[in-house]
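Commentary on secondary and tertiary structure
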Amino acid sequence: MKQSPADKQAFQKMIPGVITAAGFLGDDDRSPERIIEEDGIFFDELRLDFDAVSDKLEELQHRGEAGLGEPITVGKLLVQSGDARGMLPCPWSDGFFHKNAVSVRPADVPIESCVEGEDMLIYSELSVHMLRVHHFCQGRGSPFRLEPALIKRLLF
Amino acid sequence: MNPILVGPLTVAGISTVLALIIAVLDKFLNNYGEVEISINGGEKKLQVKGGSPLLGTLAAENIFVPSACGGRGTCGACKCKIVSDVGPHLPTETPFMSQKEIESNIHLACQVKVRKNLEIELPRELFSIKKYKSHVEKIRDVTHDIKEVLFSLDDGEIEFVSGQYVQLVVPPYGEIKESVQRAYSMSSKPSERKHVELLIRLVPGGIATTYVHKFLKEGQAIELVGPFGEFRVHDTPAAMICVAGGSGMAPFKSIFHSLHETGAFPEKDIWYFFGARTSKDMFYLDELRELQAKWPRFHLVAALSEPSPEENWQGDTGLITDVLDRYLQTTVPKNDKGWEGYLCGSPGMINACVNVMKKNGITEDKIYYDKFA
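None of the values given here were measured: they were computed from a predicted structure.

Focus: the interface of chain A and chain B
Contacts between the two partners involve 37 residues from chain A and, on the opposite side, 37 residues from chain B. Counting the surface lost from both chain A and chain B, the interface buries some 2800 Å², and carbon and sulfur atoms represent 60% of this. Considering only the side of chain A, the residues that lose the most area to chain B are L68(A), E70(A) and R85(A), jointly responsible for 25% of the buried surface there. For the pair chain A and chain B, the number of links is one salt bridge. Here R201(B) ties to E70(A) by a salt bridge, and the two come within 2.9 Å at their closest N and O atoms.

What follows is the structure, encoded as structure tokens:
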């Protein structure tokens with residue numbers, strides 16, 4: 001995949017300490033364009049659609065907000081919508097997004113037994129934007145990675 | 001030379017020369033020398049080396065403007081008024097600014113580079129904020145995802161008002177390559193000047209809370225910056241209607257124990273509504289009930305939003321906003337002293353509680369809160 005100047009600039013902002021202290025790539029040693037390419041293949045294989053997944057994540061965020069900061073049961077899931085102070089710019093410079101963290105996990109698994117990325121999805125408004133518009137799930141090891149297989153298992 | 005290598009080597013050579021030229025020019029053009037920062041019309045004058053962001057420059061002079069993102073321009077906390085002309089607002093600043101703030105020349109201190117003499121305005125309270133060296137004296141799990149952490153101050157004592165917060169300086173760890181600061185309300189009493197206690201809830205994906213829950217150990221040295229914040233008890237006879245959930249307990253723990261200890265504001269009745277999802281998320285219940293038993297003006301209402309039948313919960317149930325509404329309509333005495341709202345929690349919880357309070361006759365100017373965000 002040929003890297004556009006916009007992508008190149010965006011990828012430079014994904015490293016730790018530029019937009020967020022942890023960055024968006026985790027401990028993934030793949031390039032961001034490779035991450036996007038390979039996750040796109042996973043999405044196809046799992047018959048997931050970026051818009052449909054983004055819609056579902058937004059719906060869960062809004063339903064979680066009814067918990068007023070505490071976790072709330074939504075069907076078979078436990079959803080917690082939390083807020084943090086401030087806003088984050090998208091690395092592709094196409095918007096600012098309210099800082100928040102939504103966690104979604106199976107309601108029957110205690111949080112102590114949950115492993116981030118294996119049993120629990122964590123995402124923010126920025127994560128959903130990057131998924132919907134840029135098809136970027138974030139690198140492996142990033143706490144906010146939207147792992148395609150976990151999306152399929154938890155949400156569909 | 002192999003002709004295939006000529007092209008790449010030429011490009012590499014030109015790039016190196018350009019980088020050197022840029023480095024040399026930067027050294028001369030960006031050398032701003034010593035500049036003066038005049039604060040509050042000359043009340044304080046600092047001679048500093050120019051070239052760095054205002055936030056860090058002030059911190060180096062022990063003036064700590066609140067910041068929760070380490071100067072990346074993403075928290076919007078470090079607002080200050082720049083009297084001198086520093087040019088238009090940057091695109092990184094405008095998302096955090098109202099039109100009025102832009103017109104008043106309010107900037108984010110982390111986005112303003114100190115290039116020349118500056119005149120700025122800062123709240124005077126910031127002058128008393130200090131950075132404290134401390135060590136962790138005790139860590140205790142109060143629920144499965146909230147830790148009570150007691151810090152012992154190594155160099156001096158802290159003076160604060162119940163309701164204020166400190167910023168915990170989290171050192172680099174794992175993939176986090178730089179120090180970050182996060183704000184937490186103090187749950188300790190102001191009379192315990194050698195200690196600061198915080199309640200820290202694990203936020204999935206949270207840098208500071210993950211550090212506290214998974215890496216921080218008893219005996220470890222750590223820095224705190226503070227005290228910050230305006231949240232405090234107001235000197236009126238009105239009854240306090242306090243609402244919190246989760247680690248929003250922290251400022252109220254400090255307030256209640258301090259009021260009980262000092263006997264301050266004796267006319268105030270205190271109603272405390274605390275919400276959690278299940279009894280596993282509820283904490284300090286025995287301690288608060290004990291306080292209620294020995295302190296007639298303190299009333300505790302603990303509620304669970306999703307208790308399971310096997311928990312055998314005997315207290316109130318429902319979202320804390322619904323419980324609050326019910327009590328304000330049926331149980332909390334209405335008298336001439338009136339009511340004041342005190343809230344600590346997520347913006348969603350605060351907004352919902354404000355609506356319930358307004359519906360029950362508490363005017364917005366009498367609702368005080370400490371939003372986590």
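Once you've had a look at it, read on.
Looking at the packing of aromatic side chains
With the rule as written, the count across this model stands at 20 aromatic pairs over all chains. Seen from their ring centres, F43(A) and F50(A) are 4.0 Å apart, and the 5° between their planes marks the pair as stacked. The exposure class of F43(A) is buried, given its relative accessible area of 0%. Look at F50(A) and you get buried, because its relative accessible area is 11%. Here the aromatic rings of F283(B) and Y284(B) are separated by 4.9 Å at their centres, their planes lie at 55°, and the arrangement is tilted.

Notes on the nonpolar core
Residue and element names in this part refer to chain B. Counting residues in hydrophobic clusters, the biggest one holds 33 residues, and the most contacted among them are F252, F256, Y272 and F298. Broken down by secondary-structure element, the contributors of at least two residues to this core are β12 (239-245), α5 (249-262), β13 (270-276), α6 (285-294), β14 (298-304) and β16 (339-345). No other element matches α5, which puts six residues into this core. The residues that make up this core include at least three from each of domain 2 (129-228) and domain 3 (239-371). In contact with F256, not counting residues within four places along its chain, are C242, I270, Y272, L288, L291, W295 and F298. The next biggest cluster of nonpolar side chains, apart from the first, holds 31 residues, and it includes L58, M97, L118 and V225.

The rules we used
- Residues numbered from 1 in each chain as written.
- Chains lettered and ligands numbered in written order.
- Predicted model: local features only at pLDDT ≥ 70, side-chain atom pairs only at ≥ 80, totals over all residues.
- Heavy atoms only, no water.
- Contact = heavy atoms within 4.5 Å.
- Buried area = accessible area lost by both parts, 1.4 Å probe.
- Salt bridge = Lys/Arg side-chain N within 4 Å of Asp/Glu carboxyl O.
- Phe/Tyr/Trp six-rings, centres within 6.5 Å; stacked < 30°, edge-to-face > 60°.
- Buried < 20%, exposed > 50% of the residue type's maximum accessible area, 1.4 Å probe, protein only.
- Core = buried A, V, L, I, M, F, W, Y, C linked by side-chain atoms within 4.5 Å.
- Helix = DSSP H or I, 4+ residues; strand = E, 2+ residues; numbered from the N terminus.
- Domains from an automatic or database assignment.

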